[in-house]
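This is what each chain is made of:
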Amino acid sequence: MNLVEKTLKSTNVYNGKIINVQKNIVQLPSGGNTIREVVLHNGAVAIIPVIDDENILLVKQFRYPTDKILLELPAGTLNKNENPKSCAKRELEEETGFQAKKFIQILETFVAPGYSNEIMYTFVATDLYKTRKNLDYDENIEVVKIKVKEVMKLILDGKITDAKTICGILIAKNKKLIL
């Protein structure tokens, strides 16, 4: 069975700082046509910084689209053609003021494949050492040292609602990379 859709016409409708938006006319496998709106993104990384056997670092920040302060994994957008591990190293230091001797990639996920090509690479960072936080000019972030058990409780109680954080923590816990 053919499931592939063929692009007949693609129009850029917006080019921004971190996303571009296209409106595409596609031919369906059945032969009919429809419109697909697509958000193009370079991809991103998320990092689980492991302090010790019981604690990790999360960041607390206001997320404008949600109008909420969220507790989440440190994360950031890949620069064009940037290696995900290099991005993880850069973002960990920028947002937390720590660097790690070891990065283990545990996950590669599409964020919202119904309308975006954004892919998220998730890493566990261990053997941390203190450096210096270097936030982007538009970032206001509070670093939170928190017990993994407390993070699990917050996820299960619906207090952590960020998908990358939920997925990353659950996979790392399942792989026994955090306790």
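Treat the numbers as computed from the prediction; the structure is a model and nothing was measured.

### Focus: the overall build of the protein
And then number 1: Helix and strand content of the protein: 3 helices and 10 strands.
And then number 2: When the helices and strands of the protein are read in sequence order from the N terminus, they spell out β-β-β-β-β-β-β-α-β-β-β-α-α.
And then number 3: Burial analysis of the protein (179 residues in total) assigns 41% to the buried set.
And then number 4: Once local pairs closer than 6 in sequence are excluded, the contacts in the protein between residues at least 24 apart make up 57%.
And then number 5: Here the protein displays about 10900 Å² of accessible surface, and carbon together with sulfur accounts for 51% of that area.
And then number 6: The averaged location of the 22 negative side-chain charges in the protein is 3 Å from the averaged location of its 26 positive side-chain charges.

### Comments concerning the side chain of Ser116
And then number 1: Its location among the elements puts Ser116 in the loop between β8 (98–110) and β9 (119–130).
And then number 2: Look at Ser116 and you get buried, because its relative accessible area is 9%.
And then number 3: Engagement of the side chain of Ser116 in a polar contact is seen with the backbone nitrogen of Glu118, the distance being 3.1 Å.

### Some remarks on the packing of aromatic side chains
Any two aromatic rings considered together are summarised by their centre-to-centre distance and by the angle between their planes.
And then number 1: Summed over all chains, the structure comprises 1 aromatic pair.
And then number 2: The aromatic ring of Phe98 is capped on one face by Lys130, whose charged end is 4.8 Å from the ring centroid.

### Considerations on the pairing of strand β6 (residues 68–72)
And then number 1: Sheet topology note: the strand β5 (residues 55–63)/β6 ladder contains 5 bridges and is antiparallel. Bridge assignment links Arg63 to a residue of β6, and that residue is Lys68.
And then number 2: From the end of β5 to the start of β6, which pair antiparallel, there are 4 residues, and Asp67 there has a positive phi angle of about 60°.

### Points about the pattern of salt bridges
And then number 1: Tallied over the full model, the rule gives 10 salt bridges.
And then number 2: The residue Glu91 makes a salt bridge to Arg90 at a minimum N-O spacing of 2.8 Å.
And then number 3: One salt-bridge network, held together by shared partners, links Arg63, Glu72, Asp162 and Lys164.

### Some words on the environment of Lys102
And then number 1: Here Lys102 shows up in strand β8.
And then number 2: Lys102 sits 42 residues away from Lys60 along the chain, and the two C-alpha atoms are 24 Å apart.
And then number 3: Setting aside anything within four residues of it in sequence, one finds Lys102 in contact with Val124, Ala125, Thr126 and Asp127.

Rules behind the numbers
- Residues numbered from 1 in each chain as written.
- Predicted model: local features only at pLDDT ≥ 70, side-chain atom pairs only at ≥ 80, totals over all residues.
- Heavy atoms only, no water.
- Helix = DSSP H or I, 4+ residues; strand = E, 2+ residues; numbered from the N terminus.
- Buried < 20%, exposed > 50% of the residue type's maximum accessible area, 1.4 Å probe, protein only.
- Contact = heavy atoms within 4.5 Å.
- Areas by Shrake-Rupley, 256 points an atom, 1.4 Å probe, with all protein chains shown as cover.
- Lys, Arg positive; Asp, Glu negative; His and termini not counted.
- Charge placed at Lys NZ, Arg CZ, Asp CG, Glu CD.
- Polar contact = N/O pair within 3.5 Å; in protein donor to acceptor, adjacent residues only side chain to side chain.
- Phe/Tyr/Trp six-rings, centres within 6.5 Å; stacked < 30°, edge-to-face > 60°.
- Lys NZ or Arg CZ within 6 Å of the ring centre and 35° of its normal.
- Pairing = 2+ DSSP bridges.
- Salt bridge = Lys/Arg side-chain N within 4 Å of Asp/Glu carboxyl O.

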